[in-house]
Amino acid sequence: MAEQMKVDMEKIVSLCRRRGFIFPSSEIYGGLSSCWDYGPLGVELKRNVKQAWWRAVVQERGDMVGLDTSILMHPQTWAASGHLEEFSDPLAECKSCHMRWRSDDLKDDSCPSCGGELTEPQQFNLMFKTFMGPVEDKASTVYLRPETAQGIFVNFENVLNTTRKRLPFGIAQIGKAFRNEITTGNFIFRSREFEQMEIEFFVKPGTDEEWFDYWTEERLNWYAKLGIKRENLKLRQHTQDELAHYARKCSDIDYLFPMGWAELEGIANRGDFDLVQHASSSGKSLNYYEEETKQHIVPYIIEPSAGVDRSVLAFLCDAYDEEPDKDEIRVLLHLHPALAPFKVAILPLSKREKPAGLAKQIYADLRQCWMVTYDDAQSIGRRYRRQDEIGTPFCVTIDFQSLEDEQVTIRERDTMNQIRVPLGELRNCLQAKLEGEDLFILPPGGKIWKEGGNG
Ligand code: GAP
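Residues numbered from 1 in each chain as written. Predicted model: local features only at pLDDT ≥ 70, side-chain atom pairs only at ≥ 80, totals over all residues. Heavy atoms only, no water.

Draft legend 1. A look at the overall build of the chain. Summing up its helical and strand segments, the chain has 13 helices and 24 strands in all. With the principal axes as the frame, the chain shows a C-alpha extent of 75 × 65 × 50 Å. Taken across its 455 residues, the chain has 52% of its residues classed as buried. Working note: accessible area of the chain is about 22,000 Å², and carbon and sulfur atoms make up 48% of it. Considering the chain, the positive charge centre built from 56 side chains and the negative charge centre built from 72 side chains are found 5 Å apart. (Helix = DSSP H or I, 4+ residues; strand = E, 2+ residues; numbered from the N terminus. Buried < 20%, exposed > 50% of the residue type's maximum accessible area, 1.4 Å probe, protein only. Areas by Shrake-Rupley, 256 points an atom, 1.4 Å probe, with all protein chains shown as cover. Lys, Arg positive; Asp, Glu negative; His and termini not counted. Charge placed at Lys NZ, Arg CZ, Asp CG, Glu CD.)

Draft legend 2. Seen up close, the nonpolar core. Ile12, Phe21, Trp222, Tyr223 and Leu313 are the most contacted members of the largest nonpolar core, which has 59 residues in total. At eight residues, the largest contribution of residues to this core is made by helix 9 (residues 308–319). Judged by nonpolar contacts, the second largest core, of 22 residues, contains Leu358, Tyr374, Ile410 and Val421. (Core = buried A, V, L, I, M, F, W, Y, C linked by side-chain atoms within 4.5 Å.)

Draft legend 3. Seen up close, helix 6 (residues 156–163). For helix 6, the complete set of buried residues consists of Phe156, Val159 and Leu160. Buried positions in helix 6, seen along its axis, are confined to an arc of 100° and lie on one side of it. Opposite the buried face of helix 6, at more than 90 degrees from it, the exposed residues are Asn161 and Thr162. Elements that come into contact with the buried residues of helix 6 comprise strand 3 (64–67), helix 5 (149–153), strand 9 (169–178), strand 10 (193–203), helix 8 (273–282) and strand 14 (288–290). Arg164 occupies a position one or two residues after helix 6 and carries a positive phi of about 55°. (Arc of directions from axis to C-beta. Contact = heavy atoms within 4.5 Å.)

Draft legend 4. A look at the pattern of salt bridges. Using the criterion set out here, one finds 37 salt bridges in the structure. One salt bridge in this structure joins Glu195 and Lys50, with 2.9 Å as the shortest N-O distance. Of this pair, Glu195 sits in strand 10 while Lys50 sits in helix 2 (residues 40–59), placing them 145 residues apart in sequence. We classify Glu195 as buried; its relative accessible area is 7%. Several salt bridges converge on common partners, so that one network encompasses Glu323, Asp325, Arg330, Arg385, Asp388 and Arg411. (Salt bridge = Lys/Arg side-chain N within 4 Å of Asp/Glu carboxyl O.)

Draft legend 5. Broad picture of the sheet that holds strand 11 (residues 233–237). The mixed open sheet is built from seven strands, whose spatial order is 3-9-10-16-13-12-11. At either margin of the open sheet sits one strand with a lone partner, and together these are strand 3 and strand 11. With direction set aside, neighbouring strand axes in the sheet form an average angle of 25°. Here four bridges tie strand 3 to strand 9, and the two strands are oriented parallel to one another. Bridging from a neighbouring strand, Leu67 pairs with Gln173 of strand 9. Against the sheet, helix 7 (residues 208–225) engages strand 3, strand 10, strand 11, strand 12 (249–257), strand 13 (260–271) and strand 16 (300–307), with an angle of about 150° to strand 13. (Pairing = 2+ DSSP bridges. Axes fitted to C-alpha atoms, helices over the stretch in contact; angles between N-to-C directions.)

Draft legend 6. Highlighting the site of the ligand. Neighbouring the ligand are 21 residues, the closest being Glu147, Arg179, Glu181, Glu198 and Glu263. Within the side chain of Gln196, an N or O atom sits 3.0 Å from an oxygen atom of the ligand. With respect to the ligand, the side chain of Glu303 contributes an N or O atom lying 2.9 Å from a nitrogen atom. Compared with its free state, where it exposes 560 Å², the ligand has 91% of that area covered by protein. Structurally, the ligand is housed in the largest pocket. Broken down by element, the residue count for the shell around the ligand peaks at five residues, all from strand 13. Of the residues that constitute the shell around the ligand, the class distribution is six nonpolar, five polar and ten charged. (Near = heavy atom within 4 Å. Polar contact = N/O pair within 3.5 Å; in protein donor to acceptor, adjacent residues only side chain to side chain. 1 Å grid on protein atoms, 1.4 Å probe; cavity = no way out; pocket = protein on both sides within 12 Å on 5 of 7 lines; lining within 4 Å. Sits in = over half its atoms within 2 Å of the grid points. Nonpolar A, V, L, I, M, F, W, Y, C, P; charged D, E, K, R; others polar.)

Draft legend 7. Inspection of the environment of Arg413 at higher detail. Its location among the elements puts Arg413 in the loop between strand 22 (407–412) and strand 23 (418–422). Each residue touching Arg413, except ones within four places of it in the same chain, is listed here: Arg330, Leu332, Leu333, His334, Leu335, Asp388, Gly391, Thr392 and Pro393. In this structure the side chain of Arg413 is engaged in a polar contact, spanning 2.8 Å, whose partner is the backbone oxygen of Leu335. A distance of 2.6 Å separates the side chain of Arg413 from the backbone oxygen of Gly391, its partner in a polar contact.

Draft legend 8. Region of interest: the environment of Glu242. Along the polypeptide, Glu242 turns up in the loop between strand 11 and strand 12. With relative accessibility at 33%, the residue Glu242 sits in the partly exposed group. Aside from chain neighbours lying at most four places away, what touches Glu242 is Arg236 and Gln237.

As far as function goes, none of this settles anything; it's purely spatial.
So, in structure tokens, the structure goes:
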């Protein structure tokens, strides 16, 4: 039996819709196939995923720089990169119902919808076309980039000249990519507009194998460090006949999504393909001068290429949990604090002027540091459940006693444990807890309130 995730996709889609993580695009017009809008919580989660990636691959390293290149590029880029020739999927059409299918995804030669006969597969290029300027002709055709990588390759020399980086070094970019996929689906897993987080790491030929292994390990560890269970990740090396036209070697990091194992990120050894192609197409030399040997060389490129949306989906699926809670079910997202849309929720136990006033002061203060939310509607139990369901790691409750002893309660999402801390220590205390310090390490004057409390 195929391995299955414990959560099904409908639950994830429903939670995302209900709580404002992700909506179908242009929903009031009936939606647009395979395009999605990130809502108030989704945009935070997605931003946090991108920020965590940037932090790990740019900020915390000395050998990487960032870039943000345009979506529309000179059309010659796509001839040189091989996308005009090679970036296509085989498409077959049903002779009866006229539905179109990607033929290499089909189990047999008949239409999956009506069982009808299919046409011979034709290669279908996946790049979206548009026109630059007021004239819609062949000369003004430009493409929406199908990957962010090419913006990095064509800027190799600019980065080299302006940063004086020496090999090995890398360039990172996050941005939108567009593919006119024949078949889409599984929520945000495969869409026609999506975001990528790509690294192009330039190395001396001959060291490429070791850098390939290094990046594979780094990228696996990144997902695991942010909370993805290691047993839900695996590596799959591409066979020779499935390698992309530019790749010497490629491994996918697969994740056990609700529909089964599927690609989360691809790591490719692109050799010197891209720099050689762009050098010959542009007439510019894209070499690197190696001072030690006094020679010009063309670096090899190791490319870890991740999907932002697929990462968001994987983090959501992995974090999703249900626990029995009296007669109900407690739904919770065990999101890593770095990814959680809100880090803290402020919950006054009363709407009366004094406790609510203090709660609002705390809310205003903590907003200077993190995304914080405020909720004073319904019972405290319900409010905790609402925060659990969107993955808020900490709730701060303010009660009448807070007015007297200037202490508030911090309640932790996963254990539901609670501690009482002095107001003056709250910010530092939350900072420490968000960085992973045990909830029960108390600040001066703090005390354990309720262990495994009532929620
Ligand atoms: N520059 C190399 C490249 O683009 P890819 O394997 O085609 O390689 C890299 O894409 C990553 O981009 C994938 O692992 C996936 O996470 C994401 N991706 C690709 N196509 C996608 C789509 N249609 N919808 C969502 N994400 C996609």
